[in-house]
Amino acid sequence: MNNITAGQALPPSLWAATATPAAPTPPLTASRKADVIVIGGGFTGLSTALHLARSGVDVCLLEASEPGWGASGRNGGQVIPGLKYDPDELNVMFGSKKGELLIDTIGKAADTVYDLIDQYRIECDATRNGWIQPAHSDKVMYTLEKRAGQWAERGAPVEVLTGDGVAQRIGTPAYVGGWIDRRAGSIQPLSYCRGLVRAAQSHGAAIHGNTLVSSLQRQDGRWRVDTAAGPNVTAEQVVIATNGYTGDLWPHLKQSVIAANSFIVATKPLPADLGDRILAGREVVSDSRRLLLYYRRDAQGRLLMGGRGPFADPRGAQDFSHLERSLALLFPQLAGIDYEFRWAGRVAITRDFLPHVHQPAAGLTIALGYNGRGIAMASTMGRCLAQRLLHADAVFPFPISTIQPIPFHGLQRFYIAAGVAYYSILDKFS
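The notes below deal with the structure included here.

## Regarding the packing of aromatic side chains
For step 1, the next point in the chain: By the definition in use, this model includes eight aromatic pairs.
For step 2, the next point in the chain: Arranged with centres 6.0 Å apart and planes meeting at 75 degrees, the rings of W15 and W343 form a pair that is edge-to-face. Of the two residues, W15 sits in helix α1 (residues 14-18) while W343 sits in strand β18 (residues 339-349), which places them 328 residues apart along the sequence. Assigned by exposure class, W15 and W343 land together as buried.
For step 3, the next point in the chain: Sitting over the face of the ring of W151, R183 holds its NZ or CZ atom 4.3 Å from the ring centroid.
For step 4, the next point in the chain: Here the basic side chain of R388 rests over the ring of F396, its NZ or CZ set 5.1 Å away from the ring centre.

So this is what it looks like as structure tokens:
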């Protein structure tokens, strides 16, 4: 899907080079029946499969390449709760009853990740030292103070930071202040993904990699999923969880999100004299700009920096030069530092910057669109989807919506270019 063919190798990245070994996920070789079919082997699909399987459901997960091949194995590894909207904004959008349910769920989203890591002893370099969102202007600082206050009112362990406080923690004087959310942390995302595979398999879930789904159709009251290699699976329920690599399996779904590239660079491990002054506490950072930069240290002491890039997939080191310039501006003390890894992956951006859940037909559920908050939110979404499938009357915190194609979706590369130009102007004057 989305020009994916079965069996594509995992693209080179820091995570691919350092991840724990993958469990066997052999291709589907014979047709079978299941209770639930999950299409997509990223965080959403694996979390859904795990939570269903440990409740005794016969789950069959089909992934075109290997689990974690998409953004789940290529992101920045930052585990951040919440959405792009502040709690009070969500209450205005959905009303206080539904709003507070959603706020409670997204506020605990990082807990889902760390609870699974603890329960299944997933080796993924997990840390939980907080997320810092620094402010690049006094005007933005006012917004961040209100944001921190709204979460504090709901019991979150947050703190407003002065400019000196931010500089001390991050190692750059580039910001006027910020706030820290201690619910957040970091992981090696591909190792976490592979840990979810093992956890789901331990409860009997069938995980099939290198199995491209070619069609989905309703047949005699059940769903039939055909694969490109020939075998099919039938089930009463299907979950589509393909996110930034969604293709044409269901009408108009691919056109309902923008599949934007997120680019990341990683230095070589920093020398001790520099590392002691740059994110020594191992917090994760994403700044307050609309065209945000996000960065962190990994377990080996590398400094990673990510941000938006061109719509096209990168073709060489020159496509990452904007990130390397940004890193040099923030941390001039790293002048001349060598870069060890450069890679990219696609995230699904929705028009309203909310995750989208669709149920366009009986027995079919679709979830996608995490807008850069995929680790915590997709893991939580999978848990919530499983509860909904297990118990039809279960309280479900996310809104159910119809699939709405983005107008002129074929021009999405121009949407992205125009958005980058527009937001860069806004950032200069905010």
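Read on, since the account is not over.
## Quick notes on the packing of helix α5 (residues 109-120) against helix α8 (residues 189-202)
For step 1, the next point in the chain: Direction vectors running N to C along α5 and α8 enclose 60 degrees, while the axes themselves pass 11 Å from each other. Judged on the interaxial angle alone, α8 and α5 are oblique. Handedness of the α5/α8 crossing: left-handed. Here V113, L116, I117 and Y120 of α5 lie close against α8, whose contacting residues are Y192, L196, A199 and S202.

## As for the pattern of salt bridges
For step 1, the next point in the chain: Here the structure, examined in full by the defined rule, presents 14 salt bridges.
For step 2, the next point in the chain: K108 serves as the salt-bridge partner of D104, at 3.2 Å between the closest nitrogen and oxygen.
For step 3, the next point in the chain: Through salt bridges with shared partners, a single network forms among D88, E100 and R154.

## Let's talk about the pairing of strand β19 (residues 356-361)
For step 1, the next point in the chain: Relative to strand β20 (residues 364-368), β19 runs antiparallel, the two being bridged by four bridges. Note that in β20 the partner of H356 across the bridge is L368.
For step 2, the next point in the chain: Once β19 ends, the chain turns through two residues before running back antiparallel as β20, passing G363 with a positive phi of about 80 degrees.

## Regarding helix α10 (residues 321-330)
For step 1, the next point in the chain: All of the buried residues in α10 are L323, E324, S326, L327 and L330. On an axial view of α10, the arc spanned by its buried residues comes to 160 degrees, and they lie on one face. Seen from the open side of α10, the exposed residues pointing more than 90 degrees away from its buried face are R325 and L329.
For step 2, the next point in the chain: Among the structural elements, β14 (258-267), β16 (294-297), β17 (303-308) and β18 are those in contact with the buried residues of α10.

## A short note on the environment of W151
For step 1, the next point in the chain: Looking at where W151 falls in the secondary structure, it is placed in helix α6 (residues 138-153).
For step 2, the next point in the chain: Residues within four places of W151 in sequence aside, it is in contact with G82, P87, I103, I106, G107, A156, V158, W179 and R183.

## Points about the sheet that holds strand β13 (residues 237-240)
For step 1, the next point in the chain: The strand order β9-β3-β2-β13-β20-β19 describes an open sheet built from six strands, whose pairing is mixed. Edge positions in the sheet fall to β9 (206-208) and β19, since each has one partner strand and no second. Geometrically, the sheet is characterised by an average inter-axis angle of 15 degrees between neighbouring strands, direction not taken into account.
For step 2, the next point in the chain: Packing of helix α2 (residues 43-53) onto the sheet brings it into contact with β2 (36-39), β3 (59-62), β9, β13 and β20, and relative to β3 it is tilted by some 165 degrees.

## Re the sheet that holds β18
For step 1, the next point in the chain: Across the sheet, eight strands lie side by side as β6-β7-β5-β15-β16-β17-β14-β18; this open sheet has mixed pairing. The open sheet has two edge strands, β6 (158-162) and β18, and neither has a second partner. Averaged over neighbouring strand pairs, the angle between their axes works out to 20 degrees when direction is ignored.
For step 2, the next point in the chain: As defined by bridge partners, strand β5 (residues 131-135) adjoins strand β15 (residues 284-286) across two bridges and the pair is classed as parallel.

## Some details on the nonpolar core
For step 1, the next point in the chain: In this structure, Y192 and F398 are the most contacted members of the largest nonpolar core, which totals 65 residues.
For step 2, the next point in the chain: Apart from the residues lying within four places of it in its own chain, the contact partners of F398 are L102, T105, I106, P355, V357, M377, M381 and C384.
For step 3, the next point in the chain: Membership of the second largest hydrophobic core comes to 25 residues, among which are I180, L270, L279 and L323.

The rules behind these values
- Residues numbered from 1 in each chain as written.
- Predicted model: local features only at pLDDT ≥ 70, side-chain atom pairs only at ≥ 80, totals over all residues.
- Heavy atoms only, no water.
- Phe/Tyr/Trp six-rings, centres within 6.5 Å; stacked < 30°, edge-to-face > 60°.
- Helix = DSSP H or I, 4+ residues; strand = E, 2+ residues; numbered from the N terminus.
- Buried < 20%, exposed > 50% of the residue type's maximum accessible area, 1.4 Å probe, protein only.
- Lys NZ or Arg CZ within 6 Å of the ring centre and 35° of its normal.
- Axes fitted to C-alpha atoms, helices over the stretch in contact; angles between N-to-C directions.
- Parallel < 35°, antiparallel > 145°, perpendicular 65-115°, else oblique.
- Left-handed = near helix turned anticlockwise from the far one by under 90°.
- Contact = heavy atoms within 4.5 Å.
- Salt bridge = Lys/Arg side-chain N within 4 Å of Asp/Glu carboxyl O.
- Pairing = 2+ DSSP bridges.
- Arc of directions from axis to C-beta.
- Core = buried A, V, L, I, M, F, W, Y, C linked by side-chain atoms within 4.5 Å.

Function cannot be read off these values alone, since they describe shape.
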